[in-house]
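This is what each chain is made of:
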Amino acid sequence: GRTWTATDSTIPTGESAGVFSLTFKNPRLGLALGGDFATPTDGVDSSAYTRDGRTWRNGGDMGQLGEDAAWLSGLGHVVLVTGESGDTAGTDVSLDDGRTWRPLTDRGWHTLDCTDDRSCWAAGGNGRVARLRY
């Protein structure tokens, strides 16, 4: 952990914008998620993906900030991304390891974690906690 190698994602940066979360399926396949807290409904270019752990490509647009994501165990290429910022919230799904996204629900969360027993756990504002079984 003494040496880090930095690389640029495709997610725009700014005073309140940039990458908010990273998740990796394996050492090479990963997602960077983010957006802009000043304009949370503008999900343009709010995700990026890597296939080699070094170079990043635009992963497409989402309808909300990308605060956290998790791959669904046992479903291959399926990954969820979620975000909750003020009145803007939602959860999107990707069926292709994060290259493209489509809305799943307008319910969003600050954090998300999926387990091997085909459950996902999420936590959001006002003490909300939820479990999704798939």
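As shown above, the structure is provided for reference.
Notes on the structure follow.

1. Topic: the sheet that holds strand 5 (residues 68–71)
Here is step 1: Judged by pairing direction, the sheet is antiparallel, and its 4 strands sit side by side in the order 5-6-7-8 without closing on themselves. Every interior strand has two partners, whereas the edge strands, strand 5 and strand 8 (102–105), have only one. When strand polarity is set aside, the average angle formed by the axes of neighbouring strands in this sheet is 30°.
Here is step 2: Bridging between strand 6 (residues 79–85) and strand 7 (residues 88–94) involves 7 bridges; their strand directions are antiparallel. Residue Leu80 lies in a different strand from strand 7, and its bridge partner there is Val93.

2. Regarding the state of the cysteines
Here is step 1: Under the definition given, this model contains 1 disulfide.
Here is step 2: Between the sulfur of Cys114 and that of Cys120 lies a disulfide, 2.0 Å long from S to S. Between Cys114 and Cys120 the disulfide shows an S-S torsion of about 100°. By sign, it is right-handed.

3. Examining the layout of surface pockets
Here is step 1: Estimates place the volume of the largest pocket at around 320 Å³.
Here is step 2: Lining the largest pocket are 14 residues; nearest its centre among them are Thr5, Ala6, Thr7, Asp8 and Trp56.
Here is step 3: Considering every element that reaches the lining of the largest pocket, the biggest residue donor is strand 1 (residues 17–24), with 3 residues.
Here is step 4: What the second largest pocket holds in volume is close to 180 Å³.
Here is step 5: For the lining of the second largest pocket, the secondary structure elements donating two or more residues are strand 6, strand 8, strand 10 (119–123) and strand 11 (129–133).
Here is step 6: Its residues placed into classes, the lining of the second largest pocket shows 9 nonpolar, 3 polar and 2 charged.

4. Re the pattern of salt bridges
Here is step 1: Taken as a whole, this structure holds 4 salt bridges when the rule is applied.
Here is step 2: With a shortest N-O distance of 2.9 Å, Arg128 and Glu84 are connected by a salt bridge. With Arg128 in the loop between strand 10 and strand 11 and Glu84 in strand 6, this residue pair connects regions lying 44 residues apart in the sequence.
Here is step 3: Residue classification places Arg128 among the partly exposed residues on the basis of a relative accessible area of 21%.
Here is step 4: A salt bridge links Arg131 to Asp117; the shortest N-O distance between them is 3.7 Å. Pair noted here: Arg131 is in strand 11 and Asp117 is in the loop between strand 9 (111–115) and strand 10, with a separation of 14 residues, a long-range link.
Here is step 5: Using a relative accessible area of 44% as the deciding quantity, one classes Asp117 as partly exposed.

5. Section: the sheet that holds strand 1
Within a sheet, each strand pairs with its neighbour through backbone hydrogen bonds, oriented either parallel or antiparallel.
Here is step 1: Read across the sheet, 4 strands follow the order 1-2-3-4 without closing on themselves; strand pairing throughout is antiparallel. Of all the strands in the sheet, the pair left with one neighbour each is strand 1 and strand 4 (57–60). Taken pair by pair, the neighbouring strands of this sheet meet at an average axis angle of 30°, ignoring direction.
Here is step 2: One ladder, built from 3 bridges, connects strand 3 (residues 47–50) with strand 4; its direction is antiparallel. Residue Tyr49 lies in a different strand from strand 4, and its bridge partner there is Arg57.

6. Notes on the environment of Arg57
Here is step 1: Following the sequence through the fold, Arg57 ends up in strand 4.
Here is step 2: When the C-alpha positions of Arg57 and Ser9 are compared, they lie 7.2 Å apart, and in sequence the two are 48 residues distant.
Here is step 3: Apart from residues no more than four positions distant in its own chain, Arg57 is found in contact with Thr10, Ser47, Ala48 and Tyr49.

Rules used throughout
- Residues numbered from 1 in each chain as written.
- Predicted model: local features only at pLDDT ≥ 70, side-chain atom pairs only at ≥ 80, totals over all residues.
- Heavy atoms only, no water.
- Pairing = 2+ DSSP bridges.
- Helix = DSSP H or I, 4+ residues; strand = E, 2+ residues; numbered from the N terminus.
- Axes fitted to C-alpha atoms, helices over the stretch in contact; angles between N-to-C directions.
- Disulfide = S-S within 2.5 Å.
- 1 Å grid on protein atoms, 1.4 Å probe; cavity = no way out; pocket = protein on both sides within 12 Å on 5 of 7 lines; lining within 4 Å.
- Points joined across faces, edges and corners; volume = space filled by probe spheres on them.
- Nonpolar A, V, L, I, M, F, W, Y, C, P; charged D, E, K, R; others polar.
- Salt bridge = Lys/Arg side-chain N within 4 Å of Asp/Glu carboxyl O.
- Buried < 20%, exposed > 50% of the residue type's maximum accessible area, 1.4 Å probe, protein only.
- Contact = heavy atoms within 4.5 Å.

Without other data, these values stay purely geometric and don't point to any function.
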